[in-house]
Number of protein chains: 2
Amino acid sequence: MSVLIVGSTALDSIKTPTAENPRLLGGSASHAAVAASFFSPARLIGVVGDDFPKKYLDLYRRHKINLEGLQILPGKTFHWSGEYEANMNHRRTLLTELGVFETFTPTLPAVHQATPFVLLANIAPALQHHVLDQVRRPKFVVADTMDLWLNIALPELLKLLPRLDGFVLNDSEAHQLTQEDNLFTALKKIHRLGPRYVIIKKGSHGSILSGPKGFFICPAYPLTNVVDPTGAGDTFVGGMMGYLASARGTIEANLRRAMIYGSVTASFCCEGFGLTRITRVRRADIDRRVKELEKLTRF
Amino acid sequence: MSVLIVGSTALDSIKTPTAENPRLLGGSASHAAVAASFFSPARLIGVVGDDFPKKYLDLYRRHKINLEGLQILPGKTFHWSGEYEANMNHRRTLLTELGVFETFTPTLPAVHQATPFVLLANIAPALQHHVLDQVRRPKFVVADTMDLWLNIALPELLKLLPRLDGFVLNDSEAHQLTQEDNLFTALKKIHRLGPRYVIIKKGSHGSILSGPKGFFICPAYPLTNVVDPTGAGDTFVGGMMGYLASARGTIEANLRRAMIYGSVTASFCCEGFGLTRITRVRRADIDRRVKELEKLTRF
């Protein structure tokens, strides 16, 4: 089945202690769609300016990502610039130029309105609502978010939560949302806000699923070479949704393995700047690391 | 088989945001010996003053901990006092009174010199050396440490590492020791310093084993009620060594499961002040959480 993905489509200029890479393809929807594409057909909803390099459109197409919902408007593509510290755990934003993203109003092509799997990747909650309003009876809806929306758009986010099947956020955002220091207590509080499944991303420490059948502790694949973690969270949730859309059986039965696939897909994302590494990966590479992860956690 | 445990035997006064508990039984050897005692006979090497409450000697005895190597000297028992922040991840030391610990020179009773499993719990590396010098042909020697020894006794610690089978430290200590930001690269560097097995403790994020057959990602048991994490690391390594000493087969075959048992034993430690919770636990409670952890990680 297909996955509909709305989020940002951007050019990222990324600085790390060892390198600097200007105007890479980035944005939550780009990362999530490429990740999902390894498992299922992905449908991208986004906007770029007329400065958007053709090579990046070609990249989407190589991943067979449906671009009917990608608007190309006169003006500049959303441009983000950030810098990482030596340990790759902290980054600071150097610059944000919204460009055509400022007035982005996603409109779903009619053929997309019945997509069964919907990923509301990291973007303003108002836009996540706007897309969800246009989808008819989706099978499974997941939203990702970031601290920015907790700070400036909390009411819209709180209204979104009851509309979701799954909600993904990181550990510090879970703390910010619930004022709860204990992660597992925070999870209980987030369920009360609406979503049946809540997933906490913990970066190199893996992720935690909380659902009707309890917790799942999902490991991260051990990496010795973290080049650029930008987009790893988007890749995780994109890979997870792509795998879910490809799997037979119930969501409940497939979600754990879907998280493992998301986790492994995200590991490739971290090994290169932007999408440079992951676009050279094949499905067999992902399957190999999933098998490894099975061995690394067996006891 | 038996586990010989040397470390500190102390009185801990612990403050958290919600409570204050003076003069609890504490110290790395106390925590590790009680944890080990669930699985194997533990032999304690330590020193206390003549102010040491009889009820704590009784507590050791209830856990069938061999006290032939526990010296009781005129003077005061080592007293540590610390305070935790709201999230239980940071603590600061308020007071350290060494007392009789200042001149502690552990002497092994003759009957202990052939103990097959040796745990050099957190204590000055010079004392870890001193105990190891007195042991004859041990089967498996593991040392734990802390940042203090990296700061003030690094040469002795570096001389200890080649004498160990296993070395246990936390993630920030691994970074401090190797100047390496990436945990898995740090692990490789620590192996070069001597130990065949290196275990990184990551608190609520679990732990990582690195050995000849690669990595093992060991989860932490999900806790909603963390009352006092003091001694959790000591409990982890004590439980691990106790389980190892009880298990048939090779170390290599048992170490992963031993870490799981250590992790679960440590989860009980966190649920009460000092040793108050763990001394009310039975082996069946531990086995139950191990089974749960199997379910929580299966995919």
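What counts and what doesn't
- Numbers given for residues are sequential positions, taken from 1 along each chain in its written order.
- Starting at A for chains and at 1 for ligands, labels are handed out in the order in which the entities are written.
- Reporting of local features is limited, given that this is a predicted model, to residues whose pLDDT is at least 70; pairs of side-chain atoms are given and counted only at 80 or more, and all residues count toward the totals for whole chains, interfaces and linings.
- Note that the side-chain values use all heavy atoms of the structure and ignore hydrogens as well as water.
- In this comparison the copies share one frame, found by least squares on the C-alpha atoms of residues holding pLDDT of at least 70 in both.
- What makes two residues a contact is simply this: any of their non-hydrogen atoms within 4.5 Å.
- Buried area adds together the accessible area that both of two parts lose upon being put together, with accessible area traced by a 1.4 Å probe.
- We count a salt bridge whenever a side-chain nitrogen from Lys or Arg sits within 4 Å of a carboxyl oxygen from Asp or Glu.
- N or O atoms closer than or at 3.5 Å make up a polar contact, with two conditions inside protein: a donor-capable atom paired with an acceptor-capable one, and, for residues adjacent in sequence, both atoms drawn from side chains.
- Under the scheme used here, helices are H or I runs from DSSP no shorter than 4 residues and strands are E runs no shorter than 2 residues, and both carry numbers assigned from the N terminus.
- Gly is put with the polar residues, along with every residue not named as nonpolar or charged; the nonpolar set is Ala, Val, Leu, Ile, Met, Phe, Trp, Tyr, Cys and Pro, and the charged set is Asp, Glu, Lys and Arg.
- Strands are labelled as partners when DSSP assigns at least two bridges between them.
- Only the stretch in contact is used when a helix axis is fitted, and all axes are lines through C-alpha atoms; the angle between N-to-C directions ranges over 0 to 180 degrees.
- The cut-offs for exposure are 20% and 50% of the maximum accessible area for each residue type, with area from a 1.4 Å probe on protein chains only; residues under the lower value are buried, those over the upper are exposed, and the others partly exposed.
- Our working definition of a disulfide is a cysteine sulfur pair at a distance within 2.5 Å.
- Left-handed describes a crossing whose near helix is turned anticlockwise from the far helix through less than a right angle; right-handed describes the clockwise counterpart.
- By convention, a stacked pair of Phe, Tyr or Trp rings (six-membered ring in the case of Trp) has centres within 6.5 Å and planes under 30 degrees apart, an edge-to-face pair has planes over 60 apart, and any other such pair is tilted.
- Charge-over-ring contacts are defined here by two conditions on Lys NZ or Arg CZ: a distance within 6 Å of the ring centre and an angle within 35 degrees of the ring normal.
- Roughly parallel refers to an angle under 35 degrees, roughly antiparallel to one over 145, roughly perpendicular to one between 65 and 115, and oblique to any angle outside these ranges.

Caption draft 1: Examining the relation of the copies chain B and chain A more closely. Rotating chain B by 180 degrees and translating it 0.0 Å along the rotation axis places it on chain A, where the RMSD comes to 0.0 Å. Such values leave the two copies arranged in the relation of a two-fold axis. The C-alpha atom lying nearest the rotation axis in chain B is that of His 205 of chain B; the distance is 3.0 Å. Both copies share a contact surface, since 100% of the interface residues of chain B are interface residues in chain A too.

Caption draft 2: How the structure looks around the interface of chain B and chain A. Each side of the interface is counted separately: chain B has 31 residues, and chain A has 31 residues. For the chain B and chain A pair, buried surface summed over both sides reaches about 2,600 Å², with 62% attributable to carbon and sulfur atoms. Between chain B and chain A we count zero salt bridges in total. On inspection of chain B and its partner chain A, the count reaches 14 residue pairs in polar contact (both at pLDDT 80 or more). Only helix H7 (183-192), strand S13 (214-218), helix H9 (251-270) and helix H10 (283-297) of chain B provide two or more residues apiece to the side of chain B that touches chain A. No other element matches the five residues that H10 of chain B contributes to the side of chain B that touches chain A. In terms of residue class, the side of chain B that touches chain A is made up of 14 nonpolar, eight polar and nine charged.

Caption draft 3: Main features of the sheet that holds strand S2 (residues 10-15) of chain B. Residue and element names in this part refer to chain B. The strand order S3-S2-S6-S7 describes an open sheet built from four strands, whose pairing is mixed. Looking along the sheet, the strands with just one partner apiece sit at the ends: strand S3 (20-26) and strand S7 (91-97). Across the sheet, the axes of successive neighbouring strands diverge by a mean angle of 20 degrees, strand direction being ignored. In terms of strand pairing, strand S6 (residues 79-84) meets S7 through six bridges, oriented antiparallel.

Caption draft 4: Highlighting the environment of Arg 23 of chain B. All names here are of chain B. Residue position: Arg 23 is located in strand S3. On the basis of relative accessible area, Arg 23 is assigned to the partly exposed category, the value being 38%. Apart from the residues within four sequence positions on either side, Arg 23 is in contact with Leu 11, Asp 12, Ser 13, Asp 51, Tyr 56 and His 79.

Caption draft 5: Layout of the sheet that holds strand S12 (residues 207-211) of chain A. Residue and element names in this part refer to chain A. Taken in spatial order, the nine strands make up an open sheet running S5-S4-S1-S8-S9-S10-S11-S12-S13, and their pairing is mixed. With partners counted over all chains shown, the strands left at the sheet margins are strand S5 (66-73) and strand S13 (214-218), one partner each. The average undirected angle you get between the axes of adjacent strands in this sheet is 15 degrees. Inspection of the sheet shows strand S10 (residues 166-170) paired to strand S11 (residues 197-201) by five bridges, in the parallel sense. Its bridge partner being in S11, Leu 169 is matched across the sheet by Ile 200. The sheet contacts of helix H6 (residues 171-178) involve S10 and S11, and relative to S10 the element is tilted by about 105 degrees. Against the sheet, helix H9 (residues 251-270) touches strand S8 (117-120), strand S9 (140-144), S11, S12 and S13, its axis set at about 25 degrees to S13.

Caption draft 6: Spatial organisation of the pattern of salt bridges. All names here are of chain B. If you walk through the whole model with that rule in mind, you get 24 salt bridges over all chains. Where Asp 58 meets Lys 54, a salt bridge forms, and the shortest distance between an N and an O atom there is 2.8 Å. Of the two residues, Asp 58 and Lys 54 are both situated in helix H2 (residues 54-62); the distance of four residues between them amounts to about one turn of the helix. Relative accessible area serves as the criterion here: at 56%, Lys 54 is assigned to the exposed category. Linking Arg 277 and Glu 271 is a salt bridge whose minimum nitrogen-to-oxygen distance equals 3.2 Å. Each member of the pair, Arg 277 as well as Glu 271, is classed as buried.

Caption draft 7: Structural detail: the state of the cysteines. All names here are of chain B. Inspection of every chain in the model, using the stated rule, returns zero disulfides over all chains. For the unlinked cysteine Cys 269, the closest cysteine sulfur is that of Cys 270, found at 5.3 Å. Given the relative accessible area of 0%, Cys 269 is considered buried. Take Cys 270: its relative accessible area is 10%, and that puts it in the buried class.

Caption draft 8: Layout of the side chain of Asn 254 of chain B. All names here are of chain B. Here Asn 254 is to be found in helix H9. Residue Asn 254 is classed as buried on the basis of its relative accessible area of 11%. Those residues in contact with Asn 254 that lie beyond four places of it in its chain are Tyr 243, Leu 244, Ala 247, Arg 248 and Gly 249.

Caption draft 9: A look at the packing of H9 of chain A against helix H10 (residues 283-297) of chain A. Residues and elements named next belong to chain A. Running from N to C, H9 and H10 cross one another at 115 degrees; their axes reach a closest spacing of 9 Å. In the crossing of H9 with H10, the sense of the turn from one axis to the other is right-handed. Residues Arg 257, Ile 260, Tyr 261, Val 264, Thr 265, Ser 267 and Phe 268 of H9 form the contact with H10, whose participating residues are Arg 283, Asp 285, Ile 286, Asp 287, Arg 289, Val 290, Leu 293 and Glu 294.

Caption draft 10: Here's a closer look at the packing of aromatic side chains. Across all of its chains, the model carries 24 aromatic pairs over all chains by this definition. Centre to centre, the rings of Phe 52 of chain A and Tyr 60 of chain A are 6.2 Å apart; their planes meet at 15 degrees, and the pair counts as stacked. Its relative accessible area of 8% is what places Phe 52 of chain A among the buried residues. Tyr 60 of chain A gets classed as buried once you look at its relative accessible area, which sits at 0%. A network of ring pairs unites the aromatic residues Phe 38, Phe 39, Tyr 243 and Tyr 261 of chain A as a single cluster. The lysine or arginine in question, Arg 289 of chain B, covers the ring of Phe 268 of chain B, its NZ or CZ lying 3.9 Å from the ring centre.

Caption draft 11: Seen up close, the packing of helix H1 (residues 28-37) of chain B against helix H8 (residues 232-246) of chain B. Residue and element names in this part refer to chain B. Put simply, H1 and H8 touch, their axes get as near as 7 Å, and they point 40 degrees apart. In terms of their interaxial angle, H1 and H8 are classed as oblique. Crossing hand, H1 versus H8: right-handed. Of the residues in H8, those in contact with Ser 28, His 31, Ala 32, Ala 35 and Ala 36 of H1 are Asp 234, Thr 235, Gly 238, Gly 239 and Gly 242.

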